[in-house]
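Residue-level structure breakdown
Next come the chains, spelled out residue by residue.
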Amino acid sequence: MNASRIALVTGANQGLGRALVEGLAARMNPDDLVLLTGRSHQRVTDAAREVTQLPGTRARVEGRVLDVTDTDAIAHLAEDLRARYGGVDVVISNAIARLLPEESQAERADEFIDVSNTAAHAVLRSFGPALRPGGRLLVVASSLGTLGHLNPRLHHLFDGASLDQVECAIESWRSAIHNKTAEEAGWPRWLNVPSKVAQVAAVRAVAAERREHDLATGTLVAAVCPGMVDTATSRPWFSDFSQAQSPAQAAGAVLDLISAEHVDPAFYGELVRLGKALPWHDGTPPVEQDRILRP
């Protein structure tokens, strides 16, 4: 087995993903490898070169083309890294489809769900078995990922669900959007809420199956909330960015979680925000966003 550590970040061309790559490359060792992924060969190649040239970079950085909506491509990449390096040590699922408030949520639903949820499920399924002992498998979500942000009628779909059940719930939601029955069933119009809850539920499902073995080997599976980050994706949604972090600042807490020598059992399988696990059942449905969004 290769002694070097291998890290992989999806959605890493810009924003938080790019900052996570830069941080990993600065914190890891010269023999380690950080893989920066995205859909465009030119963009990932350019981004990898730019990170390599930064003064603080220590690890090797390479670009990999990966369309996260292609679940077979995710599986093949995991298999390739397992064959080449014996596994991976850090995997961060960070891809998201950018939405604007004036866009129709329903018309963008398929793309958003495929990038945020189907891809995250594929990363969990494919890279979970490839994760070396002591590794870190993280899904970037948000504080909207706690169950209380959904209508109570929908809680049973995600609370204590298996990964298969989470996937079924997501497809039921998708179908309801297309059939124009989503709001009647209790789904919020804002896609980000069910999507984030489902991301955290998926992490919880995978973690529940692995918990005992992972904690014994110092391995962490968790969802992470970086807090409000000033990026092109988030800026259209908020009028006050006075408390927002830069991507580099937001990446810091995630990188600290990755770099921690010991895994806190309180973080395992949970949604972690700035060094604190958020209670799964907390939250209230954010009705204000639904009032301003197009169907």
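This text follows the structure it describes.
What counts, and where the lines are drawn
Residues numbered from 1 in each chain as written. Predicted model: local features only at pLDDT ≥ 70, side-chain atom pairs only at ≥ 80, totals over all residues. Heavy atoms only, no water. Helix = DSSP H or I, 4+ residues; strand = E, 2+ residues; numbered from the N terminus. Contact = heavy atoms within 4.5 Å. Core = buried A, V, L, I, M, F, W, Y, C linked by side-chain atoms within 4.5 Å. Buried < 20%, exposed > 50% of the residue type's maximum accessible area, 1.4 Å probe, protein only. Expected span 1.5 Å × (residues − 1). Bend = angle between axes of the 7 residues up to and from the residue. Pairing = 2+ DSSP bridges. Axes fitted to C-alpha atoms, helices over the stretch in contact; angles between N-to-C directions. Polar contact = N/O pair within 3.5 Å; in protein donor to acceptor, adjacent residues only side chain to side chain. Parallel < 35°, antiparallel > 145°, perpendicular 65-115°, else oblique. Left-handed = near helix turned anticlockwise from the far one by under 90°. Phe/Tyr/Trp six-rings, centres within 6.5 Å; stacked < 30°, edge-to-face > 60°. Salt bridge = Lys/Arg side-chain N within 4 Å of Asp/Glu carboxyl O.

Right, let's get into the environment of G148. Along the polypeptide, G148 turns up in the loop between β5 (131–140) and α5 (163–178). Each C-alpha atom, one on G148 and one on P286, is 9.9 Å from the other, the two residues being 138 residues apart in sequence. If sequence neighbours within four positions are ignored, G148 has contacts with H155, W280, H281, D282, G283, T284 and P285.

With that out of the way, let us pick up the nonpolar core. Core analysis: the largest hydrophobic core is formed by 99 residues, its most contacted members being L24, V34, F127 and F158. With residues near it in sequence (within four places) discarded, L24 still touches A7, V9, V34, V90, I92, L255 and I258.

This part is about helix α4 (residues 109–127). Taking 1.5 Å of rise per residue, the 19 residues of α4 would be expected to cover 27 Å, and the 26 Å separating its terminal C-alpha atoms lies within 8% of that figure. At V115, α4 shows its maximal bend, which comes to roughly 30 degrees. Burial within α4 is extensive, with 14 of its 19 residues counted as buried.

In this section: the sheet that holds strand β7 (residues 271–273). The strand order across the open sheet formed by 8 strands is β3-β2-β1-β4-β5-β6-β7-β8, and the pairing between neighbours is mixed. Because the sheet does not close on itself, it has two edges, and the strands there are β3 (60–65) and β8 (276–278). Sheet twist, expressed as the average angle between the axes of neighbouring strands with direction ignored, equals 25 degrees. Relative to β3, strand β2 (residues 33–38) runs parallel, the two sharing 6 bridges. Note that in β3 the partner of G38 across the bridge is V65. Packed onto the sheet, helix α2 (residues 41–52) meets β2 and β3 and runs at close to 170 degrees relative to β3.

This part takes up the side chain of S4. Here S4 is to be found in the segment before β1 (6–9). Look at S4 and you get buried, because its relative accessible area is 14%. Of the polar contacts made by the side chain of S4, one reaches the backbone oxygen of D31; its length is 2.8 Å. Contact partners of S4, with chain neighbours within four places excluded, come to D31, D32, D89 and R132.

A word on the packing of α5 against helix α7 (residues 192–217). The interhelical angle for the contact between α5 and α7, taken along N-to-C directions, is 165 degrees, at an axis separation of 8 Å. The angle between α5 and α7 falls in the class roughly antiparallel. Crossing of α5 against α7: the hand is left-handed. Only P194, S195, A198, A201, A202, A205 and V206 of α7 make contact with α5, whose side of the interface consists of L163, V166, I170 and W173.

What describes a pair of aromatic rings is the distance from one ring centre to the other and the angle between the planes of the rings. Inspection of the entire model under this criterion finds 2 aromatic pairs. Put simply, the rings of F158, W173 and W187 touch in pairs and so form one group of aromatic residues.

In the structure shown here, the tally under the stated rule is 18 salt bridges. Between R18 and E50 there is a salt bridge, with the nearest N and O atoms lying 2.7 Å from each other. With R18 in helix α1 (residues 15–27) and E50 in helix α2, this pair connects stretches of sequence that are 32 residues apart. Judged by relative accessible area, R18 falls into the buried class, the value being 16%. One salt bridge in this structure joins D80 and R84, with 2.9 Å as the shortest N-O distance. Of this pair, D80 and R84 are both found in helix α3 (residues 71–85), 4 residues apart, which corresponds to roughly one turn of the helix. Judged by relative accessible area, which is 28%, D80 ranks as partly exposed. The exposure class of R84 is exposed, given its relative accessible area of 53%. Look at the salt bridges and you will find they share partners, linking D110, D114, E171 and R174 into a network.

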